[in-house]
Amino acid sequence: MSVNRPTDTIFQEPWWLDAVAPGLWSAHELHDGGELKAWMPLVDKPRPMGIKHFGMPHLTQTLGPWITPVQGAPFRRIGRIHDYTSDLIASMPSFDYFSQNAHYTLEDVLPFHWAGFESQVRYTYVLDALNDVDQLWEGLSARTRRAIRKAEKKVRVRQLDDFDTFVRLYTSTFSRQDLNIPVDEQTLRRVYDAGLANKAVRVLVAEDVDGVAHGAVFLLYDHRTTYYLMGGSDPKFRDSQSLSLLLWTAIKFASEVSERFDFEGSMIPSIESFFRNFGAQRRLYYSLSKMSNRFALAWSARSMLKRIVSSSVNR
């Protein structure tokens, strides 16, 4: 596929999509007069019984449509963007279920609403100005600054080249909570290798004086944005506050390579509060979805069956 297709984020880059959805993605494009006016990645999520599902691949915050910049008076510019978006939607391949997150630069989802899509608001936290590290430090909450100072007395942060260490810390984060690991190790390693090949990944680890790893973070970056993609920690060292120091170090690294830092937000209260205390601005983005009639019926039947089974078990 063309590597010259314009993108809004690193998650729309072909190499990224090849890493997280190998052989499962395609580029749906809208052309006008031979010029590319809009496009969006479509990721096929295999489902039983021939269900066609375009969804989100692992580790991918947003996909959403790229729309060509339009100049002119607001009424003309908005109308033209509506036209491009509507035409892109109308020409999409048929599907039973569509679920995709749009980047926060897509502020107007009316064409999706008009086409029968549902939209839900999600949030991330973003540091937009990284040029003044001293100002970034002053923007931290007092609680976060204390946590960083505490961590600096117990651990040091360095770049991690041993990916096995990161995998161990990442998986332990979920196993200690008796949760399923959301990303398999094969995908983790494929993303890491692709990121290295494209000079787009940095893994940081916090270690004590004995070289024992307390925690690690995985950063994905380009000239536009550095993303806190994922992290992990050893539950034995939760009190060392290593994650706060790791993220502060990540922000300083981002100031050297990107225009902004994206924490990749969370709807979980404790995580949302943790990110907010780094002084970032909240940005909303839209999660877009639509079901075909046959899928909606199947989904309703499945939900009803689950309620019946649950009711029978609880009697």
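In case you missed it, the structure is sitting above this.
Residues numbered from 1 in each chain as written. Predicted model: local features only at pLDDT ≥ 70, side-chain atom pairs only at ≥ 80, totals over all residues. Heavy atoms only, no water.

Trainee: Would you take a moment to explain helix α5 (residues 142–152) for this structure?
Mentor: Side chains three or four residues apart in an α-helix point the same way, a direct result of the helix having 3.6 residues per turn. Buried within α5 we find Thr144, Arg145, Ala147, Ile148 and Ala151. For α5, the angular spread of the buried residues around the axis is 160 degrees, confining them to a single face. Exposed side chains of α5 directed beyond 90 degrees from the buried face belong to Arg143 and Arg146. Structurally, α5 contributes buried residues whose contacts are with α4 (133–139) and α8 (242–257). (Buried < 20%, exposed > 50% of the residue type's maximum accessible area, 1.4 Å probe, protein only. Helix = DSSP H or I, 4+ residues; strand = E, 2+ residues; numbered from the N terminus. Arc of directions from axis to C-beta. Contact = heavy atoms within 4.5 Å.)

Trainee: For this particular structure, what's the right way to read the packing of aromatic side chains?
Mentor: Aromatic rings considered in pairs are described by the distance between their centres and by the relative angle of their planes. A complete count under the given rule lists 23 aromatic pairs for this structure. An angle of 15 degrees between the planes, with centres 5.9 Å apart, marks the rings of Phe166 and Tyr170 as stacked. A residue pair is termed a helical-turn pair when its members lie 3 or 4 positions apart in one helix, as Phe166 and Tyr170 do in helix α6 (residues 163–175) at 4 residues. Over the face of the ring belonging to Tyr123 we find Arg282, whose NZ or CZ atom lies 4.8 Å from the ring centre. (Phe/Tyr/Trp six-rings, centres within 6.5 Å; stacked < 30°, edge-to-face > 60°. Lys NZ or Arg CZ within 6 Å of the ring centre and 35° of its normal.)

Trainee: Where do I start with the packing of α5 against α8 in this structure?
Mentor: Two numbers describe a pair of packed helices, the interaxial angle and the distance between the axes. Packing of α5 against α8 brings their axes to within 8 Å, and their N-to-C directions diverge by 100 degrees. As summarised for this structure, α5 and α8 are arranged roughly perpendicular, according to the angle between their axes. Every residue of α8 that contacts α5 at Ala147, Ile148, Ala151 and Glu152 is listed here: Ser242, Ser244, Leu245 and Trp248. In the contact of α5 with α8, the residues fall into 5 nonpolar, 2 polar and 1 charged. (Axes fitted to C-alpha atoms, helices over the stretch in contact; angles between N-to-C directions. Parallel < 35°, antiparallel > 145°, perpendicular 65-115°, else oblique. Nonpolar A, V, L, I, M, F, W, Y, C, P; charged D, E, K, R; others polar.)

Trainee: Explain the nonpolar core here, please?
Mentor: The tendency in soluble globular proteins is for nonpolar side chains to be buried side by side. Ranked by size, the top nonpolar core spans 36 residues in total, and within it Trp16, Phe166, Phe218 and Leu220 carry the most contacts. Going through the elements one at a time, α1 (14–20), α6, α7 (185–197), β8 (201–207), β9 (213–221) and β10 (225–233) are the ones with two or more residues in this core. For this core, the element with the most residues is α6, which contributes 6 residues. Once you skip the residues sitting within four places of it in the chain, Leu220 turns out to touch Ile10, Phe11, Trp15, Trp16, Ala200, Thr225, Thr226, Tyr227 and Leu229. (Core = buried A, V, L, I, M, F, W, Y, C linked by side-chain atoms within 4.5 Å.)

Trainee: When you look at the sheet that holds strand β2 (residues 35–43) in this model, what are you seeing that I'm missing?
Mentor: Picture the strands of a sheet paired through backbone hydrogen bonds; they go either parallel or antiparallel. Strand order in the open sheet formed by 3 strands is β1-β2-β4, with antiparallel pairing between adjacent strands. The two strands at the open ends of the sheet, each matched to only one other strand, are β1 (25–32) and β4 (66–67). Of the pairings in the sheet, the one linking β2 to β4 comprises 2 bridges and is antiparallel in character. Within β4, the position partnered with Trp39 by the bridge is Trp66. Here helix α2 (residues 74–90) sits on the sheet in contact with β1, β2 and β4, set at roughly 135 degrees to β1. (Pairing = 2+ DSSP bridges.)

Trainee: Honestly, the packing of α6 against α7 in this entry has me stumped. Any pointers?
Mentor: The contact between α6 and α7 brings their axes to 11 Å, and the two run at 135 degrees. Between α6 and α7, the crossing angle belongs to the class labelled oblique. Considering only the axes of α6 and α7, their crossing is right-handed. Facing Phe163, Asp164, Val167 and Tyr170 of α6, the residues of α7 in contact are Glu185, Leu188, Arg189 and Tyr192. Here the residues of the contact of α6 with α7 sort into 5 nonpolar, no polar and 3 charged. (Left-handed = near helix turned anticlockwise from the far one by under 90°.)

Trainee: Before we go on, may I ask you to explain the side chain of Thr7 in this structure?
Mentor: Mapping Thr7 onto the fold places it in the segment before α1. On the accessibility criterion, Thr7 (17% relative accessible area) is buried. Within the local environment of Thr7, its side chain forms a polar contact with the side chain of Glu13, the two groups lying 2.7 Å apart. Each residue touching Thr7, except ones within four places of it in the same chain, is listed here: Gln12, Glu13, Trp39, Trp66 and Arg224. (Polar contact = N/O pair within 3.5 Å; in protein donor to acceptor, adjacent residues only side chain to side chain.)

Trainee: Quick question: what am I supposed to make of the pairing of β8 here?
Mentor: In summary, the side chains of a regular strand alternate between the two faces of the sheet. When you tally the buried positions in β8, you get 6 out of 7 residues, the bulk of the element. Where strand β7 (residues 156–159) meets β8, 4 bridges bridge the pair, whose relative direction is antiparallel. Bridged to Gln159 within β8 is Leu204. Note that β8 and β9 share 7 bridges and pair antiparallel. Residue Arg202 lies in a different strand from β9, and its bridge partner there is Leu219.

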